[in-house]
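Here is how the chains run, residue by residue.
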Amino acid sequence: MKAVVFKKIKTFPSLEEVEKPTPGPGEVLLKVAGAGCCHSDVSVFQEYDEALAKHEHTEPSFILGHETSGWVEEVGQGVTGFKKGDAYLIYGPTGCGHCARCVAGEENYCENTATNESLAMGLGRDGGMAEYVVAPARNLVPLGDADPINAAPLADAALTPYHAIKAALPHLQGGGKYALVIGLGGLGQIAIQILSAITGATIIATDMKPEAIAKAEEKGAIGVKSDEHEVENILKITGGRGVDAAFDFVGIAPTIAAAQAAAAIGSRVTIVGIAGGKASYDWFTNSWEQELTSVYWGSLPELHEVAALYEKGLITPEIETYSMDNALDAYHKLVDGKLSKRAVVVPHMGE
Ligand code: NAD
Ligand code: ZN
């Protein structure tokens, strides 16, 4: 089968012919419906060095794709309750399965990552950027009759903002609250839909790209251009008070600083973007009791909740599809910032 393989540190992935996998005990083989291209893949193939890859158990070679949906094709030994052809989302993180975090479905925060064999599907173990993928049965979230191709980005581009927003809910409860979304790409656009679906907050959205702001405005957000007046303009919208929760989907030092400056007393600022920007915090500059935190992905129960929002039409990822032969084009466009929708590779397009 064809697959997008990350073969070597600091090397662009390549399209390869590889063997179709077979499911082991407790695993399921899925025919891939959609595989989303995430900016985190770019960090992996551009920025990881040997030490980081070793630390994260993401040493090449492996098939990329940690944002996948598919149809059950075959089950491994001991797996029951699945029907061939049924559609599922794949929960990406692969923890030890038995620590306190894992049993709570928070495999993203597994306490045994040091001894696990991989970090996640498509991050250390073979992912879904292929015609077929093998996943642990417990990682499968049913999609019912909902369209599995459009659903692929839910596994990361929706799950990660969903987790960040859910954790910030105490700050957004009640009337007159404001939420700020910085960086309106794959994750940021879905964050706006999630904020509308599960909070009553007024949403303020910023990006450098006017077209990304326009898209956010179509979803009901108030757009603000990210320029030198950004913080001032955001504060003005909130009547000078600042936002109650800020979500930074870029994560460089200037965007973190803007989020902190635009956030109110007692607010929560969440760094989601994996750019490694350093933040500063001091008594004089930051609003009092302003929390600063970061998140990594989300939990399995949260992915079930995300799927429910999708089935009810409350989250609809906007995607552009690519065939397997054009999968590398999608990654090139992602690297060059040329995508205006989430790129989803559809290996069985037209079948
Ligand atoms: P994307 O490329 O689709 O979108 C990024 C957006 O940010 C673009 O619209 C771009 O114009 C905008 N942007 C870039 N620099 C900016 C700046 N200085 N000010 C304002 N806007 C700016 O990326 P994505 O796939 O949505 O991912 C976003 C980030 O989230 C990436 O860093 C990715 O690695 C990270 N991520 C984190 C997690 C996690 O678990 N924490 C999970 C998935 C992705
Ligand atoms: Zn664990």
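Residues numbered from 1 in each chain as written. Chains lettered and ligands numbered in written order. Predicted model: local features only at pLDDT ≥ 70, side-chain atom pairs only at ≥ 80, totals over all residues. Heavy atoms only, no water.

A. Quick peek at the overall build of the protein. Looking only at helices and strands, one finds 12 helices and 18 strands in the protein. In summary, the protein has a C-alpha radius of gyration of 20 Å against a globular reference of 20 Å for 351 residues, a match within 12%. When its C-alpha atoms are laid out on the principal axes, the protein stretches across 60 × 40 × 40 Å. Long-range pairs, those at least 24 residues apart, make up 70% of the contacts in the protein with a sequence separation of at least 6. Roughly 15000 Å² of accessible area belongs to the protein as shown, and the carbon and sulfur atoms make up 52% of that amount. When the 27 positive and 45 negative side-chain charges of the protein are each reduced to one mean point, those points stand 1 Å apart. (Helix = DSSP H or I, 4+ residues; strand = E, 2+ residues; numbered from the N terminus. Rg over C-alpha atoms; globule rule 2.2 N^0.38 Å. Contact = heavy atoms within 4.5 Å. Areas by Shrake-Rupley, 256 points an atom, 1.4 Å probe, with all protein chains shown as cover. Lys, Arg positive; Asp, Glu negative; His and termini not counted. Charge placed at Lys NZ, Arg CZ, Asp CG, Glu CD.)

B. The arrangement of the sheet that holds strand 4 (residues 62-63) in detail. Overall, antiparallel pairing links the 3 strands, which are arranged 2-1-4 in an open sheet. Only two strands of the sheet have a single partner each, and these edge strands are strand 2 (14-17) and strand 4. Looking at chain direction, strand 1 (residues 2-6) and strand 2 are connected through 4 bridges and run antiparallel. Along strand 2, the bridge assignment pairs valine 4 with leucine 15. (Pairing = 2+ DSSP bridges.)

C. Quick peek at the site of ligand 1. Around ligand 1, the surrounding shell holds 25 residues, and the nearest of these are His39, Leu187, Asp207, Trp297 and Arg342. The contact in question runs from an oxygen atom of ligand 1 to an N or O atom on the backbone of leucine 187, over 2.9 Å. In the environment of ligand 1, a nitrogen atom lies 3.0 Å from a nitrogen or oxygen atom belonging to the backbone of valine 272. Out of a free accessible area of 870 Å², ligand 1 has 86% covered by protein chains. (Near = heavy atom within 4 Å. Polar contact = N/O pair within 3.5 Å; in protein donor to acceptor, adjacent residues only side chain to side chain.)

D. Looking closely at the nonpolar core. Of all hydrophobic cores here, the largest spans 91 residues; its most connected members are Leu30, Leu89, Met129 and Phe247. Two domains each donate at least three residues to this core, and these are domain 1 (2-156 + 298-346) and domain 2 (160-294). If we skip the residues at most four places from it in the chain, leucine 89 touches Thr68, Ser69, Asn139, Leu140, Val141, Leu143, Ala151, Ala152, Leu154, Ala155, Leu303 and Ala307. Ranked by size, the runner-up nonpolar core spans 12 residues in total, among them Val224, Ile234, Ala246 and Val269. (Core = buried A, V, L, I, M, F, W, Y, C linked by side-chain atoms within 4.5 Å. Buried < 20%, exposed > 50% of the residue type's maximum accessible area, 1.4 Å probe, protein only. Domains from an automatic or database assignment.)

E. Structural detail: the packing of aromatic side chains. Per the stated rule, a full pass over the model turns up 7 aromatic pairs. Both rings, one in tryptophan 283 and one in phenylalanine 284, keep their centres 5.4 Å apart while their planes meet at 80°; by these two values the pair is edge-to-face. In this structure tryptophan 283 comes out as exposed when scored by relative accessible area, which is 59%. Measuring from ring centre to ring centre gives 5.8 Å for tyrosine 296 and tryptophan 297, while their planes differ by 70°; the resulting arrangement is edge-to-face. What makes tyrosine 296 partly exposed here is its relative accessible area of 28%. Here the aromatic residues Phe12, Phe45 and Tyr331 are joined through ring pairs into a cluster of three or more. (Phe/Tyr/Trp six-rings, centres within 6.5 Å; stacked < 30°, edge-to-face > 60°.)

F. The coordination of the zinc ion (ligand 2), seen in detail. Only Cys96 (SG), Cys99 (SG), Cys102 (SG) and Cys110 (SG) from the protein reach the zinc ion (ligand 2) as donors, at distances of 2.3 to 2.4 Å. Angles of 104 to 117° at the metal separate the 4 donor atoms of the zinc ion (ligand 2), which places the site in the tetrahedral class. Mapped onto the sequence, the residues coordinating the zinc ion (ligand 2) show the spacing C-x2-C-x2-C-x7-C. Pair check on accessibility: cysteine 96 and cysteine 99 agree, each one buried. (Donors = N, O, S within 2.8 Å, 3.2 Å for Na, K, Ca; no water. Tetrahedral: all angles 85-135°; square planar, octahedral: opposite > 155°, others 65-115°.)

G. Representation of helix 10 (residues 253-262). Turning to helix 10, its buried residues number three or more, namely Thr255, Ile256, Ala258, Ala259, Gln260 and Ala262. Where the residues of helix 10 are buried, they touch strand 11 (178-182), helix 9 (230-237), strand 14 (243-248), strand 15 (263-271) and strand 16 (291-294).

H. Structural context of the side chain of threonine 68. Take threonine 68: it is sitting in strand 5 (residues 68-75). With a relative accessible area of 2%, threonine 68 lands in the buried category. Filtering out sequence-adjacent residues up to four positions away, threonine 68 remains in contact with Val32, Gly34, Leu89, Ile90, Gly128, Val133, Ala152 and Ala155.

I. Summary view of the packing of helix 5 (residues 159-167) against helix 7 (residues 186-198). Two elements in contact, helix 5 and helix 7, have axes separated by 9 Å at closest approach and are oriented at 45°. Considering their axes alone, helix 5 and helix 7 lie oblique with respect to each other. Every pair of crossing elements has a handedness; the one defined by helix 5 and helix 7 is right-handed. Note on element contacts: helix 7 touches helix 5 through Leu187, Ala191, Ile194, Leu195 and Ile198, opposite Thr160, Pro161, Tyr162 and Ile165. The residue makeup of the contact of helix 5 with helix 7, split by class, is 8 nonpolar, 1 polar and no charged. (Axes fitted to C-alpha atoms, helices over the stretch in contact; angles between N-to-C directions. Parallel < 35°, antiparallel > 145°, perpendicular 65-115°, else oblique. Left-handed = near helix turned anticlockwise from the far one by under 90°. Nonpolar A, V, L, I, M, F, W, Y, C, P; charged D, E, K, R; others polar.)

J. Quick look at the environment of valine 346. Tracing the chain through its elements places valine 346 in the segment after strand 18 (342-345). Linking valine 346 and glutamate 17, residues 329 residues apart in sequence, is a C-alpha distance of 16 Å. Ignoring anything within four residues of it in the chain, the contact list for valine 346 reads Ala33, Ile149, Thr321, Tyr322, Ser323 and Met324.

K. Region of the structure containing the side chain of aspartate 156. For aspartate 156, the position within the fold is in the loop between helix 4 (148-151) and helix 5. Put simply, aspartate 156 is tucked away with no salt bridge, and the nearest opposite charge, on arginine 342, sits 4.8 Å away. At 2.6 Å, the side chain of aspartate 156 forms a polar contact with the side chain of threonine 160. (Salt bridge = Lys/Arg side-chain N within 4 Å of Asp/Glu carboxyl O.)

What is shown is where atoms sit, not what they do.
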